[in-house]
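# Structure at a glance
Now for the letters of each chain:
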Amino acid sequence: MRNGIHALALITAAGLLVVSAVATADDYPQGCVDCHRISEKGSGLRYEGDFRIQPLLAQTGHRWLKKIKTVPNDCTKCHSDDSDLPLATIVHLVHFEKPEANVYTTEFGGKCANCHAMDAPAGEALVKSGPKNW
Ligand code: HEC
Ligand code: HEC
Ligand code: HEC
């Protein structure tokens, strides 16, 4: 199960768009980068300003993510399953650690499907991805 999901996480956004086209409309077809982006005033998004992952992480002292091309797939170069900080663990933690306080649950409904998609024919869960936007 774990291996299955991990392998599928490497499927490209192009492949996922086919899957989501037959499902319902999706505000975040490319997952992370469709929510973590720069929001102009009046854009209708729930925040204003620079919400891209790299600037957010830089504020925490995280190293500059120069070599990343696809998000979140390339994060696993360092955050692999057998590292001290596996991607699934840290990404779930930053969005869900304190549900009553996490903006992700209070403002965005805490939806799994903002990051995950379902490959219905294969019966497997995927992680949506897209090109980096920084
Ligand atoms: C639908 C919107 C949405 C999506 C999709 C999303 N995030 Fe987030 N993310 C948030 C919000 C809101 C926060 C602020 C944390 C909180 O309080 O919940 C956050 C916080 C973060 C942080 C913490 C930044 C800090 O200040 O330490 C990181 C890193 C992050 N997200 C990475 C990701 C990655 C990687 C993905 C895709 C796998 C992703 N996010 C998908 C909304 C989103
Ligand atoms: C070149 C290696 C490298 C890459 C690539 C990388 N990280 Fe990291 N990350 C680290 C290291 C090392 C730490 C722990 C030390 C620190 O906080 O800088 C860390 C810590 C974090 C933390 C804090 C975890 C915690 O609980 O302390 C988050 C969140 C995070 N990374 C998210 C990401 C995301 C999202 C990506 C992809 C967009 C990414 N990282 C890509 C090396 C990397
Ligand atoms: C903010 C983005 C985000 C949200 C929201 C999210 N996930 Fe994930 N999830 C990920 C990422 C990234 C991975 C790691 C994929 C990889 O390792 O390639 C992952 C991995 C997983 C895995 C694989 C097993 C593991 O933990 O390694 C399961 C199961 C899972 N998620 C379930 C859920 C469920 C259930 C929810 C809703 C309660 C959820 N996720 C919400 C981003 C998210």
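Structural notes, computed from the coordinates.

About the cut-offs
- Residues numbered from 1 in each chain as written.
- Chains lettered and ligands numbered in written order.
- Predicted model: local features only at pLDDT ≥ 70, side-chain atom pairs only at ≥ 80, totals over all residues.
- Pairing = 2+ DSSP bridges.
- Helix = DSSP H or I, 4+ residues; strand = E, 2+ residues; numbered from the N terminus.
- Near = placed C-beta within 6 Å.
- Buried ≥ 20, exposed ≤ 12 C-beta atoms within 10 Å, placed from the backbone.

## Section: the pairing of strand E4 (residues 116-119)
In the sheet, E4 pairs with strand E5 (residues 124-127) via four bridges, with the strands oriented antiparallel. What sits directly across from methionine 118, in E5, is alanine 125. Joining the antiparallel neighbours E4 and E5 is a turn of four residues, in which glycine 123 adopts a positive phi near 70°.

## Digging into the site of ligand 2
Surveying the vicinity of ligand 2 reveals 17 residues, the closest of which are His62, Cys75, Lys77, Cys78 and Ile90. Within the residue set of the shell around ligand 2, elements represented by two or more residues are helix H4 (53-59) and helix H5 (87-96). The greatest single-element share of the shell around ligand 2, amounting to three residues, is contributed by H5.

## Structural notes on the environment of aspartate 27
On the secondary structure map, aspartate 27 appears in the loop between helix H2 (13-22) and helix H3 (32-35). Judged by C-beta crowding, with 11 C-beta atoms within 10 Å, aspartate 27 ranks as exposed. Taking the C-alpha atoms as reference points, aspartate 27 and asparagine 114, separated by 87 residues in sequence, lie 7.8 Å from one another.

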